[in-house]
Amino acid sequence: MTVTYSSKVANATFFGFHQLLLRWKGSIYKLLYREFILFALLYTVLSVVYRIVLSEDQKRLFEKLSMYCDKYAEQIPVTFVLGFYVTLVVNRWWNQFVNLPWPDRLMFHISSCVQGKDEYGRLLRRTLVRYVNLTSLLIFRSVSTAVCKRFPTMDHVVEAGFMTPEERKVFENVRSPHLKYWIPVVWFSNLASKARQEGRIQDSIDLQNILNEMNRFRTWCATLFGYNWVGVPLVYTQVVTLAVYTFFFACLIGRQFLDHTRGYQGHDLDLYVPVFTLLQFFFYCGWLKVAEQLINPFGDDDDDFEANWIIDRNLQVSLLAVDEMHMNMPHMTKDIYWNDCDARPPYTLAAADYCIPSFLGSTTDMGSEIKFSGALSETKQSDKTNFTQLILLACTTSSIDSLMLNSLAGVLFPYCCSIFMTTSYCRWIISVVLLSEIWSVYSILPCDCLCP
């Protein structure tokens, strides 16, 4: 089943991904450990043969071969070829997920438009959604190995209740060499037209909407079948695979630590363990393994789509929607905000930090600053008068909101700070008094963002 870890990365934290590195299911370690062990083992064997088994002349020949492989291995465009290939595969994987057939929109239309609480109306609605689920089941049987194992024959489909024995006879009597997933779509369309003629669907527009949604559903099924039929060209997959494995075959020889006493360039150290070569193998082959897992998301890998779960879910919710929930709704009552024009749902203490004021535009603060700066500019008569009015203005603004007070502080604070740079002792005292008054007003001001 799909490995979900969204809740673990809901918030960005210090070393937020480190706990994900310890997981095994769905991890790159589970996919790659066999190839990694084989590569490390082959490298070790070659290293032991070079150091112990070979003679001096054979060592010289091996050293020339190693430097030759190391030189020309870098000419293989592994990064370019592999990166483009993985991007293509990931896009195909996501498009297949987007086109998974969900009957929700269709079952809503059937539940609201196909009328009748009698037994025939119930039978009509349940049969319509059963044809919808039968269509998706036939598609999943043809593209998913897990679904094919669950429903290997049409007998299993009939036994599971997706098709009646009479419908199976009609289905098998249709002679066609192609996949016959479209037959339930024809049954659905014919049955919906019959319901319109009988008055169970009261408007032709409702019938058109139902058929349009069925066509949308059929398009999703056909898209999945098309992705299964036409895959990534085999030649491209072969080129990428050969490029990666050829590169690391050359690295087995070219990345060997040679005799440092020979003075070969780049072989001054003998570390025995090629750390960065092993990391390079882990990243490149891991990249290739990602593509291998995502190229067909309807297999048995850890991150493949749970097609069997989709089949179960779609059948259950669609039958509930058109049968038990048909015209079944709760009694209408007045909501708790009936006479409240300012509806504000409460916040818990844990969510108090998410209660923020509404965003009014990036120029809102600018308008307040212009307003206060204009008011302050009219009071400039003398230093003494100016300071007195500023203090009075700061002391009498306890009723203004935080936005206006921030604008006031933005005008007064730089002005007061400039006074500190003067040599006048009197102005220095007045500026201290002014700043203290501003701070006292700011400290008693209630926070606008707190909920009532």
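Residues numbered from 1 in each chain as written. Predicted model: local features only at pLDDT ≥ 70, side-chain atom pairs only at ≥ 80, totals over all residues. Heavy atoms only, no water.

Trainee: Explanation requested: the nonpolar core in the structure shown.
Mentor: A general trend in soluble globular proteins is that nonpolar side chains are found buried together. Residues I110, F140, V157 and F188 are the most contacted members of the largest nonpolar core, which totals 49 residues. Elements represented by at least two residues in this core include exactly helix 4 (104-113), helix 5 (119-143), helix 7 (154-159), helix 9 (183-197), helix 10 (204-229) and helix 13 (307-324). If one sorts the elements of this core by residue count, helix 5 sits on top with 11 residues. In this structure, I110 is in contact with R125, L128, V129, F188 and V322, ignoring residues within four places of it in sequence. Core analysis: the next-biggest nonpolar cluster, separate from the first, contains 33 residues, F62, Y236, L278 and Y284 among them. (Core = buried A, V, L, I, M, F, W, Y, C linked by side-chain atoms within 4.5 Å. Buried < 20%, exposed > 50% of the residue type's maximum accessible area, 1.4 Å probe, protein only. Helix = DSSP H or I, 4+ residues; strand = E, 2+ residues; numbered from the N terminus. Contact = heavy atoms within 4.5 Å.)

Trainee: Just to check I follow, could you spell out the confidence of the model for the protein chain for this structure?
Mentor: Note: predicted coordinates in regions of low pLDDT should not be interpreted at a detailed level. Taken residue by residue, the protein chain gives an average pLDDT of 83. The fraction at 70 or more is 81%. Across residues 379-384, where pLDDT falls below 50, the model places five contacts with residues more than four positions away in sequence or in other chains. (pLDDT = per-residue confidence, 0-100.)

Trainee: Can you help me understand the environment of E213 in this one?
Mentor: For E213, the location among the structural elements is in helix 10. Note on E213: relative accessible area 9%, which makes it buried. A C-alpha to C-alpha distance of 7.0 Å links E213 and R105, two positions 108 residues apart in sequence. Aside from chain neighbours lying at most four places away, what touches E213 is R105, L106 and H109.

Trainee: Explain the packing of aromatic side chains to me, please; I cannot follow it from the model alone.
Mentor: When we look at a pair of aromatic rings, we describe it by the centre distance and by the angle of the planes. Across all of its chains, the model carries 25 aromatic pairs by this definition. Plain terms: the ring middles of F36 and F282 are 6.4 Å apart, the flat faces sit at 90 degrees to each other, and that makes the pair edge-to-face. Placement of F36 in helix 1 (residues 28-53) and of F282 in helix 12 (residues 275-294) is noted, with a sequence separation of 246 residues between them. Taking the relative accessible area as the measure of exposure, F282 reaches 23% and is therefore partly exposed. Taken together, a centroid distance of 6.1 Å and an interplanar angle of 55 degrees make the contact between F247 and Y284 tilted. One end of the pair, F247, is in helix 11 (residues 234-254); the other, Y284, is in helix 12, and 37 residues separate them in sequence. The burial state of F247 is the same as that of Y284; both residues are buried. (Phe/Tyr/Trp six-rings, centres within 6.5 Å; stacked < 30°, edge-to-face > 60°.)

Trainee: Explain the pattern of salt bridges to me, please; I cannot follow it from the model alone.
Mentor: Where charged atoms of side chains with opposite charge meet at close range, the side chains can pair. Scanning the model with the defined rule gives 18 salt bridges in all. Between D104 and R313 there is a salt bridge; the shortest N-O distance is 2.8 Å. Here D104 is found in helix 4, whereas its partner R313 is found in helix 13, with 209 residues between them in sequence. Classification of R313 as partly exposed rests on a relative accessible area of 23%. Look at the salt bridges and you will find they share partners, linking E35, K289 and E292 into a network. (Salt bridge = Lys/Arg side-chain N within 4 Å of Asp/Glu carboxyl O.)

Trainee: What am I meant to see in the UniProt feature "transmembrane region" (unreviewed entry) in the protein chain here?
Mentor: What UniProt calls "transmembrane region" (unreviewed entry) maps, in this numbering, to residues 36-54, 75-94 and 235-257. The straight-line gap between the two end C-alpha atoms of residues 36-54 is 26 Å; of that span, 95% is helix and 0% is strand. For residues 75-94, helix accounts for 85% and strand for 0%, while the C-alpha atoms at its two ends are 32 Å apart. (UniProt positions renumbered as here; feature names shortened; annotations may be inferred.)

Trainee: Looking at this structure, how should I read the side chain of R92?
Mentor: By secondary structure assignment, the location of R92 is in helix 3 (residues 78-98). Summary of buried charges: R92 has no salt-bridge partner, and the nearest side chain of opposite charge, D304, is 12 Å away. Excluding its chain neighbours within four sequence positions, the residues that come into contact with R92 are Y227, V230, G231, V232 and I295. (Lys, Arg positive; Asp, Glu negative; His and termini not counted.)

Trainee: Just to check I follow, could you spell out unusual backbone geometry for this structure?
Mentor: Note: most peptide bonds trans; most residues except glycine with negative phi. At Y272, a position not held by glycine, the phi torsion is positive, near 70 degrees. By secondary structure assignment, the location of Y272 is in the loop between helix 11 and helix 12. Residue M327 is not a glycine yet carries a positive backbone phi of 55 degrees. Summarising the element assignment, M327 is placed in the loop between helix 13 and helix 14 (364-377). With a relative accessible area of 36%, M327 lands in the partly exposed category.

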